[in-house]
Amino acid sequence: MARFETEVLHNVKKGKLPIKSKVTPIYQTTAFTFSDLDELEGYYQGQGNYLYSRVGNPNTDELAEAVAGLEAAPAGVTTSSGLSAIMAGVLAIVKNGDHIVAAEDLYGGSFQLLKEELNQFGIEVTFVAFNELEQVEAAIKPNTKLLYTESITNPLLRVQDIEEFVEIAKKHELITLVDNTFATPYHCQPYTKGVDLVVHSATKYIGGHSDVTAGVLVGRADLIEKARAKVVNLGTNVSPIEAWLTTRGLKTLALRMERQSKNARALADALVKNPAVKNVYYPFEQGENGYGAIVTIELGNTVDVNEFFKNLSWVKIAPTLAGVETSVSHPVITSHRALPQEARDALGITFEVVRISVGIEHAEDVIEIFEQAIASALK
Ligand SMILES: Cc1ncc(COP(=O)(O)O)c(C=O)c1O
């Protein structure tokens, strides 16, 4: 028995393995231990799995492998957020002096990352309309390395033609990165169509419960290894407990997406018939039972936008999406605030645009809430 100050540290009984827990335990540890220098050297020779949690951890690896599996990709790496996954992916491909062609309607935070931060590293970016692929081709320069778009865009839900996108990249020998956050692998698996890297803000549908911030990047094994080095060197790893929570959420992805997409489709079908709604953005043509769980609407000029938001009862105003509860956001004030006004206007992201993240409630209740909020906000 050591003295109290020593005992208080060392008397914690580490689990005696193998304990056959049904679910992977949370390895909430900063580092892993070694019995001698041979074992430590063995780690560097590729014989041991874990050294230090910033470099690798069973929970973060479990999440990366699970998402890679769903995307039918050979490898994956997890990060602290969707944005850090995008950054790791981009930096795995481009360096100072290189050029990226990116979709002009990327999520505002991704736009900001490319424009404000990566520009400082001497990485040049041209933003173009990816629904006009001739514009993409015209923007390609001798130093272009990467084409970057979203499978379903935020917030206007433009569906990218992945095959055409990959064809252009192949023709010019460019690497492709697709943000698959809105579609999730339930609806779309860009890697199976030839995309090199697929990124997720796991904060959204992969986690699904609005309680973790995390990112996952999956794709070609050689590129993932480079991206992993960026995550390690930049220190943008996700914590074990957040990875564990995200993995727990991921298990119900199919159930959630099935229900949420059906509800979204039903809401979109209802709002199309509402004369006070000027536009309904939803990928109707993609599937009878819905294609993604976001419905974006543009309210007509007969509706007071703020009154509409005030009258949404149990639907919360939240600058995020993809939780199991229906929520709404206002892109101009939040997610697309970083986009210059002219760019927003050109895309059609006006003050009247409302992004609805449809949850798992009863579809009729969701429809009723929105119909009522619109009716009570009529000028
Ligand atoms: C399509 C898309 N990509 C990436 C991100 C960034 O993810 P995170 O907030 O986890 O960094 C978001 C966030 O809203 C998003 O909507």
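Above: the structure in question.
Summary of the structure given here. (Residues numbered from 1 in each chain as written. Predicted model: local features only at pLDDT ≥ 70, side-chain atom pairs only at ≥ 80, totals over all residues. Heavy atoms only, no water.)

1. What to know about the overall build of the protein chain
Right, so step 1: Of the regular secondary structure elements, the protein chain holds 14 helices and twelve strands.
Right, so step 2: For 379 residues, the compact-globule estimate of 2.2 N^0.38 gives 21 Å, and the C-alpha radius of gyration of the protein chain, at 23 Å, lies within 12% of that figure.
Right, so step 3: Dimensions of the protein chain, computed from C-alpha atoms along their principal axes, come out at roughly 75 × 55 × 35 Å.
Right, so step 4: Here the protein chain holds 379 residues, and the buried ones make up 53% of them.
Right, so step 5: Here the analysis covers contacts within the protein chain between residues at least 6 apart in sequence; of these, 71% occur between residues at least 24 apart.
Right, so step 6: With the model as given, the accessible surface of the protein chain reaches about 18000 Å², and the carbon-plus-sulfur share is 53%.
Right, so step 7: Each charge class in the protein chain was averaged separately, 34 positive and 47 negative side chains, and the resulting centres sit 5 Å apart. (Helix = DSSP H or I, 4+ residues; strand = E, 2+ residues; numbered from the N terminus. Rg over C-alpha atoms; globule rule 2.2 N^0.38 Å. Buried < 20%, exposed > 50% of the residue type's maximum accessible area, 1.4 Å probe, protein only. Contact = heavy atoms within 4.5 Å. Areas by Shrake-Rupley, 256 points an atom, 1.4 Å probe, with all protein chains shown as cover. Lys, Arg positive; Asp, Glu negative; His and termini not counted. Charge placed at Lys NZ, Arg CZ, Asp CG, Glu CD.)

2. Topic: the site of the ligand
Right, so step 1: In the vicinity of the ligand lie 14 residues, with Gly 82, Asp 179, Ser 201, Thr 203 and Lys 204 positioned nearest.
Right, so step 2: Residue Gly 82 places a main-chain N or O atom 2.8 Å away from an oxygen atom belonging to the ligand.
Right, so step 3: At 2.6 Å, a side-chain N or O of Thr 203 approaches an oxygen atom of the ligand.
Right, so step 4: No other element matches helix 4 (residues 82-93), which puts three residues into the shell around the ligand.
Right, so step 5: Class assignment for the residues of the shell around the ligand results in five nonpolar, six polar and three charged. (Near = heavy atom within 4 Å. Polar contact = N/O pair within 3.5 Å; in protein donor to acceptor, adjacent residues only side chain to side chain. Nonpolar A, V, L, I, M, F, W, Y, C, P; charged D, E, K, R; others polar.)

3. Considering a negative patch on the surface
Right, so step 1: Side chains of Asp 36, Asp 38, Glu 39 and Glu 41 sit close together on the surface and give a patch of like negative charge.
Right, so step 2: Within the secondary structure, Asp 36 is located in the loop between helix 1 (4-10) and helix 2 (37-44).
Right, so step 3: Residue classification places Asp 36 among the partly exposed residues on the basis of a relative accessible area of 40%. (Patch = residues over 30% accessible without salt bridge, like charges linked within 9 Å, V, L, I, M, F, W, Y side chains within 5 Å. Salt bridge = Lys/Arg side-chain N within 4 Å of Asp/Glu carboxyl O.)

4. A look at the packing of aromatic side chains
Right, so step 1: This model, assessed by the stated rule, comprises eight aromatic pairs.
Right, so step 2: Ring geometry for Phe 111 against Phe 127: centres 4.6 Å apart, planes inclined by 45 degrees, an arrangement best described as tilted. Note that Phe 111 is positioned in helix 5 (residues 108-117) and Phe 127 in strand 3 (residues 124-128), a separation of 16 residues in sequence.
Right, so step 3: A network of ring pairs unites the aromatic residues Phe 34, Tyr 43 and Tyr 44 as a single cluster. (Phe/Tyr/Trp six-rings, centres within 6.5 Å; stacked < 30°, edge-to-face > 60°.)

5. Observations concerning the pairing of strand 1 (residues 75-79)
Right, so step 1: With five of its five residues buried, strand 1 lies for the most part within the structure.
Right, so step 2: Alternating positions in strand 1 separate into two faces, Ala 75, Val 77 and Thr 79 on one and Gly 76 and Thr 78 on the other, with burial throughout.
Right, so step 3: The sheet contact formed by strand 1 and strand 7 (residues 215-219) spans five bridges and is antiparallel. Each residue of the ladder has a partner; that of Thr 79, found in strand 7, is Gly 215. (Pairing = 2+ DSSP bridges.)

6. Quick notes on the environment of Ala 338
Right, so step 1: With respect to the secondary-structure elements, Ala 338 resides in the loop between strand 11 (327-329) and helix 13 (341-347).
Right, so step 2: Here Ala 338 falls in the partly exposed class, since its relative accessible area comes to 34%.
Right, so step 3: For Ala 338 and Gly 108, which are 230 residues apart along the polypeptide, the C-alpha to C-alpha distance reads 5.6 Å.
Right, so step 4: Leaving out residues up to four positions away in the same chain, Ala 338 has contacts with Gly 108, Phe 111 and Gln 112.

7. Re the packing of helix 3 (residues 58-70) against helix 10 (residues 240-250)
Between two packed helices, both the angle of their axes relative to each other and the distance between the axes serve to describe the pair.
Right, so step 1: For the pair helix 3 and helix 10, interaxial distance at closest approach is 8 Å and the crossing angle is 35 degrees. Both helix 3 and helix 10 take part in a crossing whose hand is left-handed. Touching Asn 59, Thr 60, Glu 62, Leu 63, Ala 66, Val 67 and Leu 70 of helix 3 are Pro 240, Ala 243, Trp 244, Thr 246, Thr 247 and Leu 250, all from helix 10.
Right, so step 2: The residue inventory of the contact of helix 3 with helix 10, partitioned by class, reads eight nonpolar, four polar and one charged. (Axes fitted to C-alpha atoms, helices over the stretch in contact; angles between N-to-C directions. Left-handed = near helix turned anticlockwise from the far one by under 90°.)

8. Points about the pattern of salt bridges
Right, so step 1: Applying the stated rule across the entire model yields 13 salt bridges.
Right, so step 2: Between Arg 265 and Asp 269 there is a salt bridge, and its shortest N-O distance comes to 3.3 Å. Taken together, the residues Arg 265 and Asp 269, both in helix 11 (residues 253-272) and four residues apart, mark about one turn of the helix.
Right, so step 3: The residue Lys 310 makes a salt bridge to Glu 307 at a minimum N-O spacing of 3.4 Å. With Lys 310 and Glu 307 both in helix 12 (residues 305-310) and three residues apart, the pair spans about one turn of that helix.
Right, so step 4: According to the relative accessible area criterion, Lys 310 is exposed, its value standing at 57%.
Right, so step 5: On the basis of relative accessible area, Glu 307 is assigned to the partly exposed category, the value being 30%.
Right, so step 6: One salt-bridge network, in which partners are shared between bridges, spans Lys 95, Asp 98 and Lys 145.

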